[in-house]
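A look at the structure
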Amino acid sequence: GEWTLGCFFTRLVQEELNWLEFCAERLVGAVERYVLVQQVRQQGKENKINQGQLITMEKMAAIGLLASGVAHEISNPAGYVRSNLGVLEGYLEDFRNAMERIEKLLGEKGTAELVGEWEKIKKDADIDAAIEDLGEIAAETKEGIERIITIASNLRTFARNGGKERKRFQVQKCIESSLTMVMYKYKSGIELVQDYRPVPDVLGNPAEVGQVLMNLMVNAAQAMNGSGIMTIRTRFEDDWVKASISDTGPGIPPELQEKIFEPLFTTKEPGQGTGLGLAISREIIERHGGKLTVDSTPGRGATFTIWLPPLAEEE
Ligand SMILES: Nc1ncnc2c1ncn2[C@@H]1O[C@H](COP(=O)(O)OP(=O)(O)O)[C@@H](O)[C@H]1O
Ligand SMILES: [Mg+2]
């Protein structure tokens, strides 16, 4: 077929975009898995493991090993995609400047015939449209690669802290920041009900508890498939700080209500779910001295509740 500059660049950038999307998906999975490995190590140290847990943990460790390898493999190409993109943008700018100079020159000194030829060349190669598109595509691609690099560096932070940092925090604050991140993606069609009552502070790692809340919110949003009501509550009952996420999705059949907490159990398409969210979440909450429970009547939605021990006023 006919070679055009616009076509060439667009295809080049589209390929990079596809590749970036692929990497982003893998990385998100890797982050979840990485957290699991940390938890397996922690549990191993604490040395109170039964046989069932051991099998589960071996499964987690194997996945984690794979994931950290994948994360490592990704950070290198992500780096050169970013730097190539910078170079590409520089060339684009040079190219634009050269075009402007040619136009100016033709405007001042060109014969009618030359100007006509030039217009034809531009039209054949669809150059004006290509130049317009390229700027946008480059900006989008840059945003994508920056996100990948941020996730990769978060992964390193996880590795350093290992979730050991503990402090006093408010569950409601944690809910609110998780919500911002989740609703950004799922806002359309989902009605949000926030029903917060005052609860005591808790002790732990707010980033980890935030991760649990996000898992539950994403699950709720996915279960409702774009339309329904998500209700978030905080309560202080029976000496427990409780935070619950309810949805109006299809609910969970009784025979699956324990199984959903197993690592790798998922009913979602690849790319939609890893089957690790609830396994990680339960691990995290149990490490905080709490529990994660589900209550669901099929056809009438599901409620997931985080129970955390309150921190006494004077502590
Ligand atoms: N709010 C919910 N409503 C219905 N089913 C749910 C809900 N949350 C979780 N599940 C079920 O539990 C499974 C495991 O969840 P999770 O561990 O988060 O993994 P993933 O979301 O990657 O599938 C899901 O695949 C789904 O079948
Ligand atoms: Mg999930």
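Report on the accompanying structure. These numbers were taken from a predicted model, which means no experiment stands behind them.

1. Quick look at the overall build of the chain
Counting its secondary structure elements, the chain contains seven helices and seven strands. Walking the chain from its N terminus toward its C terminus, one meets helices and strands in the order α-α-α-α-β-α-β-β-α-β-β-α-β-β. By sequence separation, contacts in the chain at least 24 residues apart represent 76% of the contacts at least 6 residues apart. Accessible surface computed for the chain: about 18400 Å², of which carbon and sulfur atoms make up 54%.

2. Remarks on the pairing of strand 5 (residues 240–247)
With seven of eight residues buried, strand 5 is to be regarded as a mostly interior element. Taken together, the seven bridges between strand 4 (residues 228–237) and strand 5 define a ladder with antiparallel strand orientation. From the neighbouring strand, Arg233 faces strand 5, where its bridge partner is Ser244. Summarising the sheet, strand 5 and strand 7 (residues 302–308) pair through seven bridges and their orientation is antiparallel. Across the sheet, residue Asp247 finds its bridge partner in strand 7, namely Ala302.

3. Quick word on the site of ligand 1
Close to ligand 1 lie 18 residues; Asp247, Thr266, Thr267, Lys268 and Thr274 are nearest. Between Thr267 and ligand 1, the recorded distance is 2.5 Å, taken from a side-chain N or O atom to an oxygen atom. Gly275 is positioned with one of its backbone polar atoms (N or O) 2.8 Å from an oxygen atom of ligand 1. Breaking the shell around ligand 1 down by element, the ones donating at least two residues are helix 6 (206–224) and helix 7 (277–287). Looking at the shell around ligand 1, the element that brings in the most residues is helix 6, giving three residues. Looking at the shell around ligand 1, its residues break down into eight nonpolar, eight polar and two charged.

Rules used throughout
Residues numbered from 1 in each chain as written. Chains lettered and ligands numbered in written order. Predicted model: local features only at pLDDT ≥ 70, side-chain atom pairs only at ≥ 80, totals over all residues. Heavy atoms only, no water. Helix = DSSP H or I, 4+ residues; strand = E, 2+ residues; numbered from the N terminus. Contact = heavy atoms within 4.5 Å. Areas by Shrake-Rupley, 256 points an atom, 1.4 Å probe, with all protein chains shown as cover. Buried < 20%, exposed > 50% of the residue type's maximum accessible area, 1.4 Å probe, protein only. Pairing = 2+ DSSP bridges. Near = heavy atom within 4 Å. Polar contact = N/O pair within 3.5 Å; in protein donor to acceptor, adjacent residues only side chain to side chain. Nonpolar A, V, L, I, M, F, W, Y, C, P; charged D, E, K, R; others polar.

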